[in-house]
Amino acid sequence: MKITKICCIGAGYVGGPTMAVIAQKCPEIQVTVVDLNEERIAAWNDTDTANIPIYEPGLDVIVAEARGRNLFFSTNVDKAIDEAQIIFISVNTPTKTYGKGKGMAADLKYIELCARQIARVAKDNKIVVEKSTLPVRTAEAIKSILDNTGNGVQFQILSNPEFLAEGTAVTDLLHPDRILIGGDPSEEGKKAIQALVDVYSNWVPAAKILTTNVWSSELSKLTANAFLAQRISSINAMSELCEKTGADVNEVAKAIGMDSRIGSKFLKASVGFGGSCFQKDILNLVYIAKSYGLNAVADYWEQVIIMNDHQKRRFSNSIVQTLYNTVSDKKITFLGWAFKKDTNDTRESAAIYVADDLINEHAKIAVYDPKVSNKKILGDLNYLETRNAEANANSVRSFLDPYEACQQAHAIAILTEWDEFIHYDWQKIYDSMQKPAFIFDGRNLLNGPELKAIGFVYQAIGS
Ligand code: NAD
Ligand code: UDX
């Protein structure tokens, strides 16, 4: 089947960049990204691509090239579904906040709404692609809805999980380690798989396109995120032991990473992992394991989350303890709020939880992040519902200038590894702070010996 029209439901961190790259690499395919969120679609259509709603290095250039040519952003979901041969579902699948599985299971209500809308609108055969991260066997539910509420047309369901990481989304999409496509082994299923393989073949080498059955594909995504997060929790567990024993976690990570069986990536000790995926996907995995009665499996993976929560709490406790057991009315400056560098995404960022702990201790938090607004910061804290919005607004203030943010601070905490922090005039910052001037480097980003020579009391993770 020759694909000429693709639709993607969900213009978020995955749908937007993924479809922009497909459009750039497949100029003969018309790609329409749709969303219910009018503000988001308007931002994607902003004439100045600097204002697109997602910050990713290089994305503005790709959008500028393809938008209006074969890449379109729209709120007209029905029209895009009707016209497309392939429909990607790339909507959010957050952790449930109510009912059965609350706090663990994935909330699939947006997925189900998409399936029902596709069933209602589709008047000819469609390939429906799960791009969102989903519990294993979700395709079964989608198929059941499509087949039972549709107009008698045929649907093929494929699983095509996305492995991009934020901050490097464009590079990851242009040069993926692999593309995973799961589908039905029937003849029709094979044709659908081939149609999607052909789309990716426009820029991805054949050897990197892996096809499997649907369940393996769905479960591989959860497994990949669980393994990645587990490495971070493993090195973070070691960081605490390093602090007690005189070992240095950076040296330990280097030493073990040179073992080719272990590998050097994803061994950076930190204040704890954040982001919209790791915690959500592991909780989901734990929930699935429990639902099959596999309690040992569930407990094993849950430890990754327990360790991560411990690491965030340990960081805030250490700030309080080091500042003579009180941070009440002390100005503590956060450099960074995003969950990692090169993104404006703050979902599950460690900064939110560390700030929440310190506000409980009556600290005054100043924040500088090159890409995160004050509104977003307050929104993140309000979402926790630890205290009312007014109390949060009185405890946190963000600055557009990092030097101003650090003035008169008792301590600086590095929460995100933005490159620009390395090159600051640290002598100037030291001179403007209360003494002793403390730095808590939650990312092991800065040059400790240099900062100590200036006069800072410098604490890193795991040394
Ligand atoms: P997001 O919240 O940024 O975007 C989802 C979008 O879907 C929102 O704009 C929302 O308005 C829209 N939406 C929801 N229901 C809709 C409906 N019925 N019709 C039209 N639009 C609808 O989420 P995201 O970060 O892009 O993640 C999407 C999925 O991809 C999730 O399952 C996530 O786990 C997975 N994923 C995310 C990443 C990542 O780095 N963010 C990486 C890999 C996989
Ligand atoms: C992750 C997966 O990497 C990606 O494949 C998947 O598609 C979505 O989830 P993302 O959450 O965007 O991507 O970023 P990632 O680079 O994985 O970082 C996640 C968190 O772990 C960040 O807070 C990061 O700072 C932290 N991290 C990462 C560490 O603390 N140490 C490391 O060594 C690596």
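Everything numeric in this text was worked out from a predicted model, so none of it was measured. (Residues numbered from 1 in each chain as written. Chains lettered and ligands numbered in written order. Predicted model: local features only at pLDDT ≥ 70, side-chain atom pairs only at ≥ 80, totals over all residues. Heavy atoms only, no water.)

1. Things to note about the site of ligand 2
Link 1 in the chain: Close to ligand 2 lie 20 residues, the nearest being Leu164, Glu166, Ser270, Lys340 and Arg443.
Link 2 in the chain: Note that an oxygen atom of ligand 2 is positioned 2.6 Å from one of the side-chain N or O atoms of serine 270.
Link 3 in the chain: Protein chains bury 90% of the 660 Å² of accessible surface belonging to ligand 2 in isolation.
Link 4 in the chain: No other element matches helix 9 (residues 214–245), which puts four residues into the shell around ligand 2.
Link 5 in the chain: Two domains each donate at least three residues to the shell around ligand 2, and these are domain 1 (5–204) and domain 2 (306–460). (Near = heavy atom within 4 Å. Polar contact = N/O pair within 3.5 Å; in protein donor to acceptor, adjacent residues only side chain to side chain. Areas by Shrake-Rupley, 256 points an atom, 1.4 Å probe, with all protein chains shown as cover. Helix = DSSP H or I, 4+ residues; strand = E, 2+ residues; numbered from the N terminus. Domains from an automatic or database assignment.)

2. Regarding the packing of aromatic side chains
Link 1 in the chain: By the definition in use, this model includes 15 aromatic pairs.
Link 2 in the chain: On the basis of an interplanar angle of 85° and a centroid distance of 5.5 Å, the ring pair of phenylalanine 273 and phenylalanine 278 is categorised as edge-to-face. Like phenylalanine 278, phenylalanine 273 is buried.
Link 3 in the chain: Judged by centre distance (5.7 Å) and plane angle (55°), the rings of phenylalanine 421 and tyrosine 424 are tilted. (Phe/Tyr/Trp six-rings, centres within 6.5 Å; stacked < 30°, edge-to-face > 60°. Buried < 20%, exposed > 50% of the residue type's maximum accessible area, 1.4 Å probe, protein only.)

3. A few points about the domain arrangement of the protein
Link 1 in the chain: Partitioning the protein into structural domains gives domain 1 (5–204) and domain 2 (306–460).
Link 2 in the chain: If you average the C-alpha positions of domain 1 and of domain 2, the two centres end up 36 Å apart.
Link 3 in the chain: Facing 10 residues of domain 1, the contacting portion of domain 2 comprises 11 residues.
Link 4 in the chain: Taken over both partners, the interface formed by domain 1 and domain 2 buries close to 760 Å², and the fraction arising from carbon and sulfur atoms is 44%.
Link 5 in the chain: Of all residues in domain 1, the largest losses of buried area upon contact with domain 2 belong to Tyr13, Tyr55 and Glu166, amounting jointly to 74% of the total for that side.
Link 6 in the chain: We note a salt bridge from glutamate 166 to arginine 347, for which the minimum N-O separation is 3.6 Å.
Link 7 in the chain: The interface formed by domain 1 and domain 2 includes three residue pairs in polar contact (both at pLDDT 80 or more).
Link 8 in the chain: Grouping the amino acids of the side of domain 1 that touches domain 2 by side-chain chemistry returns six nonpolar, two polar and two charged. (Contact = heavy atoms within 4.5 Å. Buried area = accessible area lost by both parts, 1.4 Å probe. Salt bridge = Lys/Arg side-chain N within 4 Å of Asp/Glu carboxyl O. Nonpolar A, V, L, I, M, F, W, Y, C, P; charged D, E, K, R; others polar.)

4. Observations regarding the pattern of salt bridges
Link 1 in the chain: Following the criterion strictly, the structure yields 23 salt bridges and no others.
Link 2 in the chain: Across the pair glutamate 162 and lysine 131 runs a salt bridge, and its minimum N-O distance is 2.9 Å. Of this pair, glutamate 162 sits in the loop between strand 6 (155–159) and helix 7 (169–174) while lysine 131 sits in the loop between strand 5 (126–130) and helix 6 (138–149); the two residues are 31 residues apart in sequence, bridging distant segments of the chain.
Link 3 in the chain: Judged by relative accessible area, glutamate 162 falls into the buried class, the value being 12%.

5. Examining the environment of serine 328
Link 1 in the chain: Along the chain, serine 328 turns up in the loop between helix 12 (295–322) and strand 9 (331–335).
Link 2 in the chain: When its relative accessible area of 34% is taken as the criterion, serine 328 is described as partly exposed.
Link 3 in the chain: For the pair serine 328 and leucine 415, spaced 87 residues apart in sequence, the C-alpha separation works out to 20 Å.
Link 4 in the chain: If near-sequence neighbours (up to four positions away) are discounted, serine 328 is found in contact with Glu361 and His362.

6. Brief notes about helix 3 (residues 59–66)
Link 1 in the chain: Every buried residue of helix 3 is listed here: Leu59, Ile62, Val63 and Ala66. The arc enclosing the buried residues of helix 3, seen along the axis, measures out at 100°, which places them on a common side.
Link 2 in the chain: Each element contacted by the buried residues of helix 3 is listed here: helix 1 (15–25), helix 2 (38–44), strand 3 (71–74) and helix 7.
Link 3 in the chain: Glycine 68 occupies a position one or two residues after helix 3 and carries a positive phi of about 85°. (Arc of directions from axis to C-beta.)

7. Here's the deal with the state of the cysteines
One way to say it: the disulfide is the covalent bond shared by the sulfur atoms of two cysteines.
Link 1 in the chain: In this structure the tally under the stated criterion is zero disulfides.
Link 2 in the chain: Free cysteine: cysteine 26, not disulfide-bonded; nearest cysteine sulfur from cysteine 8 at 14 Å. (Disulfide = S-S within 2.5 Å.)

8. Thoughts on the site of ligand 1
Link 1 in the chain: In the vicinity of ligand 1 there are 25 residues, among which Asp35, Arg40, Thr93, Glu166 and Lys280 approach most closely.
Link 2 in the chain: Within the side chain of aspartate 35, an N or O atom sits 2.6 Å from an oxygen atom of ligand 1.
Link 3 in the chain: Threonine 133 is positioned with one of its backbone polar atoms (N or O) 3.0 Å from an oxygen atom of ligand 1.
Link 4 in the chain: Isolated, ligand 1 exposes 830 Å² of accessible area, and the fraction of that covered by the protein chains is 92%.
Link 5 in the chain: Partitioning the shell around ligand 1 into residue classes produces nine nonpolar, nine polar and seven charged.

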